[in-house]
Amino acid sequence: MKLSYFPVLLLGSSQALGSDFQEPLGVAQASISISISSTSPSHTPPSYRDELVSLHKSLVEISSISGDENEVGNFLVDYLTARGFVVQLEFLPPTNESDPTKPRFNVVAWPGPDTHPSPKVLVTSHIDTVPPFIPYTHNDTSLDADSVIAGRGSVDAKASVAAQIVAVQSLLNASIIQDDDVMLLYVVGEETQGDGMRYFSDTKDKMDPPLDIKAAIFGEPTEGRLVCGHKGIFGCDITATGRAGHSGYPSLGKSANEVMMRGLVRVLDTDLGSSEEFGNTTINVGLLAGGVAANVIPEKATARIAGRVAIGPESDGGAIVAERLREVLRSVDDEAFAFDCKYGYGVIKCDCDVEGFETTTVNYGTDVHNLEGNHTRYLYGPGSIFVAHGPDEAIRLGDMEQAVEDFKKLILHALES
């Protein structure tokens, strides 16, 4: 069956070589002891506990590794339409890697029955996860605020998805907000290229009426703190070219591996950009390859790096750091290196002046940059990034329940501002 890619409406009732320049913001050189944040448990469970636990469990039990989000998207469609939301499926154009039987789509929803929404606040997160899938588990037969729930996506970011939906439902049920106050958006692809949010951003003006929000609330694991901003990001594929020869006679050739290693070490030892608020720009050398045999001087070496950018502006910070990286490598060898850089963006500023919230800055990237527009941006969510992509990803139920209350506060603050 050929699909048309237009909206469909559904109606329903590490620190390298000791370099100080690679020290991330707020992380001491000593080993880090990571634990899940704790909140004071309430003696009386909130009325929505069962609904929150059930929704979160259903989301985490569905594998939704980036590129394979179809099943969890369909679950959310059924869940939201059953609760009176109008749901729009925003299909992304297919790629060579996509399965035509499982199209990828963003889930856009708002309180029904109006099919022409004019929301003031967008509440959003992502439904994809990193690999591998880890099954849902919890440590207690009877859940309470201190119960620990584990599984891939239990923190990043299905805890935010569940808490946001329950928060919006709670405000609607209590008639604290109106149907046209909020819109929900759950995107695909955040963990890879951000293609879900970028597609939504590119097409939002085609909605009827065109989307004109005053604020967007993004859900990511922030340990229950309101984020004032986060680092930007850029990436480069680097190629070093030498001259092949017999390894017994190094002077007859030029080792691309040696040139690459010397260059990368100098990059890691250089301040590529720093700021008081965001610390140092850090570089991760994620992939390295070079040479054809141990007794052959390598003619080619390649590296793929990712940089976490600590300077602005948002539009050009990534490009500025990428150019500084080129200059450093050319200072090692002005002929050997070639670059293919994706410039990304500089530091992202968010609004964090909301009473009752602790604040922080974070080093990871989000979809905040990918949603264009003149709206106020808030970044908040339950759970810790330190466990989010690891084998022990888990969250306290009490932290999710606190997030429901905090998302309510943020929605109301955004509507009143």
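What you see is a predicted model; the values in this text were computed from it and never measured.

1. Let's talk about the nonpolar core
Ranked by internal contacts, the top residues of the largest apolar core, which has 60 residues, are Leu80, Ile165, Leu184 and Leu410. Element by element, the count of residues in this core is highest for helix H3 (residues 158-173), at 10 residues. Not counting the four nearest positions on each side in its chain, leucine 80 is found in contact with Phe85, Val87, Val107, Ala109, Ile165 and Leu184. Residues Cys236, Leu272, Val321 and Ala322 belong to the second largest nonpolar core, which totals 25 residues.

2. Let's talk about the sheet that holds strand S5 (residues 137-138)
In a beta sheet, neighbouring strands are held together by backbone hydrogen bonds and run either parallel or antiparallel to one another. Reading across from one edge, S5-S6-S21 is the order of the 3 strands in this open sheet, with antiparallel pairing throughout. Each having just a single partner strand, S5 and strand S21 (394-396) make up the two edges of the open sheet. Two strands pair when backbone bridges link them, and strand S6 (residues 148-150) and S21 are joined in this way by 3 bridges, in the antiparallel orientation. Each bridged residue has a counterpart across the sheet, and for isoleucine 149 the counterpart in S21 is isoleucine 395.

3. Re the side chain of histidine 56
Here histidine 56 shows up in helix H1 (residues 49-61). When near neighbours in sequence (up to four residues on either side) are disregarded, histidine 56 contacts Tyr136, Ile149, Ser154, Lys158, Ala159, Ala162, Ile395 and Met400.

4. Section: the sheet that holds strand S10 (residues 232-241)
The antiparallel open sheet is built from 4 strands, whose spatial order is S14-S16-S10-S17. The open sheet has two edge strands with one neighbour each: strand S14 (282-290) and strand S17 (337-345). Strand-to-strand twist of the sheet, defined as the mean angle between neighbouring strand axes without regard to direction, takes the value 15 degrees. Looking at chain direction, S14 and strand S16 (residues 300-309) are connected through 8 bridges and run antiparallel. Counterpart to asparagine 284 in the pairing with S16 is alanine 306.

5. As for the packing of aromatic side chains
As enumerated under the stated definition, the model contains 5 aromatic pairs in all. Note on phenylalanine 91 and phenylalanine 105: the rings are 5.5 Å apart at their centroids and 65 degrees apart in plane angle, and the pair reads as edge-to-face. Taken together, the residues phenylalanine 91 in strand S2 (residues 85-91) and phenylalanine 105 in strand S3 (residues 105-111) connect sequence positions 14 residues apart. As far as burial versus exposure is concerned, phenylalanine 91 and phenylalanine 105 are alike and both buried. Aromatic ring contacts, followed pair by pair, group Phe357, Tyr380 and Phe407 into a single cluster. Between arginine 83 and the ring centre of tyrosine 79, over which it is positioned, the NZ or CZ distance is 3.6 Å.

6. A closer look at the state of the cysteines
Working definition of a disulfide: a covalent bond connecting the sulfur atoms of two cysteines. Summed over the entire model, instances satisfying the criterion amount to 2 disulfides. Paired by a disulfide, cysteine 228 and cysteine 352 hold their sulfur atoms 2.1 Å apart. Measuring the twist about the S-S bond at about 95 degrees, one finds the cysteine 228-cysteine 352 disulfide to be right-handed. Placement of cysteine 228 in strand S9 (residues 226-230) and of cysteine 352 in the loop between strand S18 (348-349) and strand S19 (359-362) is noted, with a sequence separation of 124 residues between them. The disulfide bridge from cysteine 236 ends at cysteine 341, spanning 1.9 Å between sulfur atoms. Taking the sign of the torsion about the S-S bond as the criterion, the disulfide between cysteine 236 and cysteine 341, at about 110 degrees, is right-handed. Remark: cysteine 341 occurs in strand S17 and cysteine 236 occurs in strand S10; sequence separation between them is 105 residues. Pair check on accessibility: cysteine 236 and cysteine 341 agree, each one buried. Regarding the disulfides, the protein carries the connectivity 1-4, 2-3 under sequence-order numbering of its bonded cysteines. Cysteine 350 takes part in no disulfide bond, and the closest cysteine sulfur to it belongs to cysteine 352, at a distance of 8.3 Å. Residue cysteine 350 is classed as buried on the basis of its relative accessible area, which comes to 10%.

Quick notes on the rules
- Residues numbered from 1 in each chain as written.
- Predicted model: local features only at pLDDT ≥ 70, side-chain atom pairs only at ≥ 80, totals over all residues.
- Heavy atoms only, no water.
- Core = buried A, V, L, I, M, F, W, Y, C linked by side-chain atoms within 4.5 Å.
- Buried < 20%, exposed > 50% of the residue type's maximum accessible area, 1.4 Å probe, protein only.
- Helix = DSSP H or I, 4+ residues; strand = E, 2+ residues; numbered from the N terminus.
- Contact = heavy atoms within 4.5 Å.
- Pairing = 2+ DSSP bridges.
- Axes fitted to C-alpha atoms, helices over the stretch in contact; angles between N-to-C directions.
- Phe/Tyr/Trp six-rings, centres within 6.5 Å; stacked < 30°, edge-to-face > 60°.
- Lys NZ or Arg CZ within 6 Å of the ring centre and 35° of its normal.
- Disulfide = S-S within 2.5 Å.

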